[in-house]
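Here is how the chains run, residue by residue.
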Amino acid sequence: MRLARRVAIGVWLAASALALGACMREERGLRVTPPPSGRVQTVRLTELQPGPPQAPDVTKNEYEENAYAVSEGKRLYEQMNCVGCHFHGGGGIGPPLMDARWIYGSDPSQIFATIVQGRPNGMPSFRNKLNDDQVWKIAAYVRSMSGQVSSDVAPARSDDMSGPPPEASTERKPPVKTGGIPKSAEMPK
Amino acid sequence: MRAMRLIKNSVSLALTKARSVARGSSSTVYCLLSTVYFSPSAVYLLTDLRSQSALDPAGPQAGRIISLWWLMFYVTGTVFLIVMAFLVGALVRSRRPRRGETLDVPDVKPEPARERRMSHVVLTGIALTVVILFVFLVNSFLTGRALDSVSAKDHLTIKITGHQWWWEVEYENSTAQYVVTTANEIHVPTGQPVLFKLTATDVIHSFWVPNLHGKTDLIPGHETVTWLRADSDGVYRGQCAEFCGFQHAHMAFTVVAEPPDKFKQWYDSQLAPAVEPANQSQAQGRQVFLSSPCVMCHTVRGTDAGSRVGPDLTHVASRQTIAAGTLENTRGHLAGWVVDSQKIKPGNRMPPNNLEPGDLQALLDYLQSLK
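Here is what the cut-offs are and how they apply
- Residues numbered from 1 in each chain as written.
- Chains lettered and ligands numbered in written order.
- Predicted model: local features only at pLDDT ≥ 70, side-chain atom pairs only at ≥ 80, totals over all residues.
- Helix = DSSP H or I, 4+ residues; strand = E, 2+ residues; numbered from the N terminus.
- Contact = placed C-beta atoms within 7 Å.
- Buried ≥ 20, exposed ≤ 12 C-beta atoms within 10 Å, placed from the backbone.
- Nonpolar A, V, L, I, M, F, W, Y, C, P; charged D, E, K, R; others polar.
- Core = buried A, V, L, I, M, F, W, Y, C linked by C-beta atoms within 7 Å.

**Student:** Just checking my understanding: could you explain the overall build of chain A for this structure?
**Tutor:** Looking only at helices and strands, chain A has 5 helices and 0 strands in total. Considering only intrachain contacts with a sequence separation of at least 6, the fraction spanning at least 24 residues in chain A is 70%.

Below, the structure written as C-alpha cells:
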C-alpha cells in the first residue's frame, strides 16, 4: 500500500516535471531569414489550365506559426496603407479580405506575389518598397483575417479603439476556389 | 548645517564621478565600434552632455523639486538615525534574567512614574510625526504650485509624439511653412518658457528630463501638457520613464539649450528643405533612398519621400545621435543601422536592408550630406 502510494507520488512528480519542461515560450524571430521568395515568379494564380488537372501549390509560410510575426504583419498592414482600400478586412475600394473569396489565390506564395507584383484595377506593386520579410509577415496577417491561421497565433486585440472582432476569434472560412471578381474590383466603366 | 552640506556635496560628487566613469567607458566602446569614420563638424559635442541627474537642476522646476527632495532627505534621514539609535540602545540594554529570577513570571508591579514618562515620550513622538508630515504636505503643495508658474505668453510650443521607440518633435507655428519636424533632439532657447504638448501613437510613454523637470506621461489619443525652462546652456539627456516595450531602455533624447540667436540659426537651418546632392555618389544615394523600402517610412523634405511612420531624415546629419540616443551619429553606425538594425536594437521597427555594397556607400554619402 505504502509502496504503491510512493510510486504514485513519484510518477506524478515525474509527469509534472515533464509537463513543466514542455512549457516553451514562443520565440520572437527578430533576425530570421524569411521564407524564400524565388518561387514567386512561377506561382500559378489560377486553377484553370490545359491538360490533366494538377494539384494546387501549397507553400508553408513559417510566419503563420509565429504570433509576433503575424502582429507585425498587422502593424504593417496599417502603416503601408493597405487599410486605405481594403479597410480592416471588410473591403470597400479594394476587395474584402475577411471573406472566403480569393481572386488571385489563397496560398501564401500567391498572396506574396499579389503584394509584390500588384494586380490590375488598383492594387499597386510593392516591389522594392517592402522587403521580403515584411511581405511574408503581411501575407500571414492577410490569411489570419479569414481564419486561415490558427487562433493561438492570430492577433487577439486591435490597436484601434474599435474595429472588427479580433482575428483570433475569426472562424476559418474555407477558401472558395473560383472567386470571380467582386463588384468592387471591376474595371471602372 | 555644515555636516549636512558636507553630506550633500559628497553625494553629488559621488554621483557625478560614477557618471563620468560610465560615460568614459561607453565612449571607448564607441571609438572601438566606429572604426574609421567620424563626422567631423558638429554644432555641439556629446561630451557637453550634463550628467543626467535630478540632483543637478538646470531649470526653475527641477530647482523646486530638488529643494523638496533635500528637505525630505534630511528630515527622514534624521528620523531614521534616531529610530536606529533607539533600536540599538534597546538591543544593547536588553534585560537579562538576574540570578534566581525566572522570566516565566511577568513583572506586573505598577510603576506610575515610569508609565507617565513613557506616555510623554509616545505623545511627543506622535506630535512630532504630525508636525513633520504637515510640513511635508505644505511644502509639496507649494512646490506643486510653483511647478506651474513657468507658463508665459511669450512661449515656444513643441509637440512631442512618442513612438515605439523614438520621439517625434514638431515645433508648432500658426504658419504651416514655419513648422519644423525633427526627431530625438529638441533644441530650446535658454531662458524662454517652452510649452510641450505630449501625445503617443501606440502605448503610454513618459517624457522625463531629470535636470529640468519631473515626468509627464504621453498617452495615445490624449494630449498632456508640461512646461519647461532651461536657465543655463547645455545638453540635457532625457529618457522614456514609462515601460513601453522591448526597447524602452533605448528610447532616449537630448534637450539642447542654447542662446536665442544660436537657436534661431538652428531653427532656420531646419526649416530649409534637404540639400541637393553635390556629387554623383550622393545623387545615386538619393536614388537608392527613393527606390528602396526607406521611402515607405521616412520623410526627406524636398524629395518625394513623405511618410511619417519613421523619423524625419531631412536634416539627419545635423543630429548627434541615431536610433533615439542609442548610437553616436557616425558613418559606421549609420551603415550598421541601415543594414542590420535588429542586431543593435532588437525588436525595433526598422527592417533589415539587403543593399549592394555600392548602393550602401552611396546611400551613406547621401544621408551624411543631409546637414
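After presenting the structure, the write-up continues.
**Student:** Is there a simple way to think about unusual backbone geometry in this case?
**Tutor:** Negative phi characterises most residues that are not glycine, and trans characterises most peptide bonds. At the junction of Gln164 of chain B and Trp165 of chain B, the peptide bond is cis and its omega measures out at -5° in the coordinates. Inspection of the secondary structure assignment puts Trp165 of chain B in the loop between strand E1 (156–163) and strand E2 (166–171). For Asn81 of chain A, which is not glycine, the phi dihedral falls at a positive 65°. Residue classification places Asn81 of chain A among the partly exposed residues on the basis of 13 C-beta atoms within 10 Å.

**Student:** Would you take a moment to explain the environment of Phe196 of chain B for this structure?
**Tutor:** All names here are of chain B. Among the secondary structure elements, Phe196 is positioned in strand E5 (residues 194–200). Its 22 C-beta neighbours within 10 Å are what place Phe196 among the buried residues. Counting along the chain gives 11 residues from Phe196 to Phe207, while the straight-line C-alpha distance between them is 9.8 Å. Not counting residues within four places of it along the chain, the set of residues in contact with Phe196 comprises Ile158, Ile160, Phe207, Val225, Thr226 and Leu228.

**Student:** How should I be thinking about the interface of chain B and chain A in this particular structure?
**Tutor:** Think of interface size as the accessible area that goes away when the parts come together; that is how it is often given. Each partner contributes residues to the interface: chain B has 14 residues there, and chain A has 12 residues. Taken together, the residues that form the side of chain B that touches chain A break down as 6 nonpolar, 6 polar and 2 charged.

**Student:** Sorry if this is basic, but what is going on with the nonpolar core here?
**Tutor:** Here is a general trend for soluble globular proteins: nonpolar side chains tend to be buried in one another's company. Core analysis: the largest hydrophobic core is formed by 53 residues, its most contacted members being Leu212, Val255 and Ala324 of chain B. Setting aside anything within four residues of it in sequence, one finds Leu212 of chain B in contact with Ala58, Gly59, Gln61, Ala62, Leu228, Ala230, Tyr236 and Val255 of chain B. Of all hydrophobic cores here, the second largest spans 27 residues; its members include Ile111, Val135, Ala139 and Val153 of chain A.

The values reported here are purely geometric and, on their own, carry no functional implication.
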